[in-house]
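# A closer look at the structure
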Amino acid sequence: MGKFLIPFFILASLAIPVEVTATTMTMYNKCSHPVWPGIQPSAGKPVLARGGFKLLPNKAYRLSLPAGWSGRVWGRHGCSFDASGHGRCATGDCGGALFCNGIGGTPPATLAEITLGNDQDFYDVSLVDGYNLAISITPFRGKGKCSYAGCVSDLNTMCPVGLQVKSHDKRQVVACKSACAAFNSPRYCCTGTFGNPQSCKPTAYSRIFKTACPKAYSYAYDDPTSIATCTGGSYLLTFCPHH
C-alpha cells in the first residue's frame, strides 16, 4: 500500500476524545472535484446524515456511528441539485435526491461496507457493484488486525470496453460496471448453478479488478480475506486517496 499524507486537521479531529463506546467515521474528500457521499443503512438500522450530502475537495465530515450499526457508503460525482435537493448524479445516483434517505446508489459504484460488532467490526471495500471512485478505509485507535482496505487504483482508466460507462458527452469513462451488471449471466453473478463458492470462480473481468485493487472485494465469492476486522476502532474513509 502506498503511503499518503493525512492533513493535520483530520488527524486532530481523529484525536478528539470521544466516549469510549462511540465509533466515528470521518469521510475525507481528496478528489479534485466535489463528492456527494451516499450512506445506506442495512435493514433495520438508522439512516445517518439524511443518507447523503455534498463534500467539497479537501474537506472532511465526521459521523458518529451508533453501536451495532451496519451499512454502506459510496461516493456520487457529477451531481447537480436544485434548491429543494432534487437533481441527478453522473454516478452513484440515489433516485435523483441529494439526501438518499436510505436508498442505495445506482451501480456502478465503489462501496465501502462496515458492520459494527460487540467483539469486532467487519469492513471492506467492494467492487461487486462495479467501480466509480477510488475509496480507502483506514482504521484508527483499534485493536487487532485493523488492516487497511480499499481500491486506490483508477479502474476507469483500465476498464474493458464492454464494462465502460461514459460521461454525458461520451468523452471519458466515469464508471466501470461489474461483469454481472454488464452481462447479467449466472457465471458472472454467481447465481443458479454458479450460486456457491465451489462453482463461481474468478473470471477474466474480476481478475482485472483484483489485480488493480488486491485489497478490495472483486466478485460475489471472492476470497474472504478481503474483509478486514478491527476491535474498538474509528475509521477514516477517503475518496481518491492517492490524489
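Given the structure is predicted, the values throughout are model-derived calculations rather than measurements. (Residues numbered from 1 in each chain as written. Predicted model: local features only at pLDDT ≥ 70, side-chain atom pairs only at ≥ 80, totals over all residues. Heavy atoms only, no water.)

### Some words on the state of the cysteines
On inspection of all chains with the given rule, the structure shows 8 disulfides. Here C146 connects covalently by a disulfide to C230, the sulfurs 2.1 Å from one another. Since a negative S-S torsion denotes a left-handed disulfide, the C146-C230 link at about 80° is right-handed. Note that C146 is positioned in the loop between β9 (135-140) and β10 (149-151) and C230 in strand β13 (residues 228-230), a separation of 84 residues in sequence. For C146, a relative accessible area of 17% corresponds to the buried category. Assessed through its relative accessible area of 1%, C230 is described here as buried. Covalently, C151 is tied to C213 through a disulfide, its sulfur atoms 1.9 Å apart. Taking the sign of the S-S torsion, 50° for the link of C151 and C213, the bridge is right-handed. Within this pair, whereas C151 is found in strand β10, its partner C213 is found in the loop between α4 (204-212) and β13, the two being separated by 62 residues in sequence. C213 shares its class with C151; the two are buried. (Disulfide = S-S within 2.5 Å. Helix = DSSP H or I, 4+ residues; strand = E, 2+ residues; numbered from the N terminus. Buried < 20%, exposed > 50% of the residue type's maximum accessible area, 1.4 Å probe, protein only.)

### Section: the packing of aromatic side chains
Per the counting criterion, the structure on display carries 6 aromatic pairs. Centre to centre, the rings of Y188 and Y205 are 5.6 Å apart; their planes meet at 75°, and the pair counts as edge-to-face. Of this pair, Y188 sits in helix α3 (residues 186-189) while Y205 sits in helix α4; the two residues are 17 residues apart in sequence, bridging distant segments of the chain. Y205 sits in the partly exposed class, given a relative accessible area of 24%. Chaining the aromatic ring pairs together yields one cluster made of F183, Y188 and Y205. Just above the ring of F99 sits the side chain of R50; from NZ or CZ to the centre is 3.6 Å. (Phe/Tyr/Trp six-rings, centres within 6.5 Å; stacked < 30°, edge-to-face > 60°. Lys NZ or Arg CZ within 6 Å of the ring centre and 35° of its normal.)

### What to know about the sheet that holds β13
Overall, antiparallel pairing links the 5 strands, which are arranged β2-β4-β7-β8-β13 in an open sheet. Single-partner strands in this sheet number two, and they are β2 (36-41) and β13. On average, each strand axis in the sheet is inclined to that of its neighbour by 20°, with strand direction left out of account. Pairing geometry for strand β8 (residues 121-126) and β13, over 3 bridges, is antiparallel. Paired with D121 across the bridge in β13 is C230. (Pairing = 2+ DSSP bridges. Axes fitted to C-alpha atoms, helices over the stretch in contact; angles between N-to-C directions.)

### Examining the pattern of salt bridges
Evaluation of the coordinates by the stated rule reveals 3 salt bridges. Here E113 makes a salt bridge to R72, at a shortest N to O gap of 3.4 Å. Of this pair, E113 sits in strand β7 (residues 111-115) while R72 sits in strand β4 (residues 70-76), placing them 41 residues apart in sequence. One salt bridge connects R72 with D129, and the closest N-O pair in it is separated by 3.8 Å. Taken together, the residues span a long stretch of sequence, with R72 in strand β4 and D129 in the loop between β8 and β9 at a distance of 57 residues. On the accessibility criterion, R72 (27% relative accessible area) is partly exposed. On the basis of relative accessibility, which here comes to 25%, the residue D129 falls in the partly exposed class. What you see here is one network of salt bridges that share partners, running through R72, E113 and D129. (Salt bridge = Lys/Arg side-chain N within 4 Å of Asp/Glu carboxyl O.)

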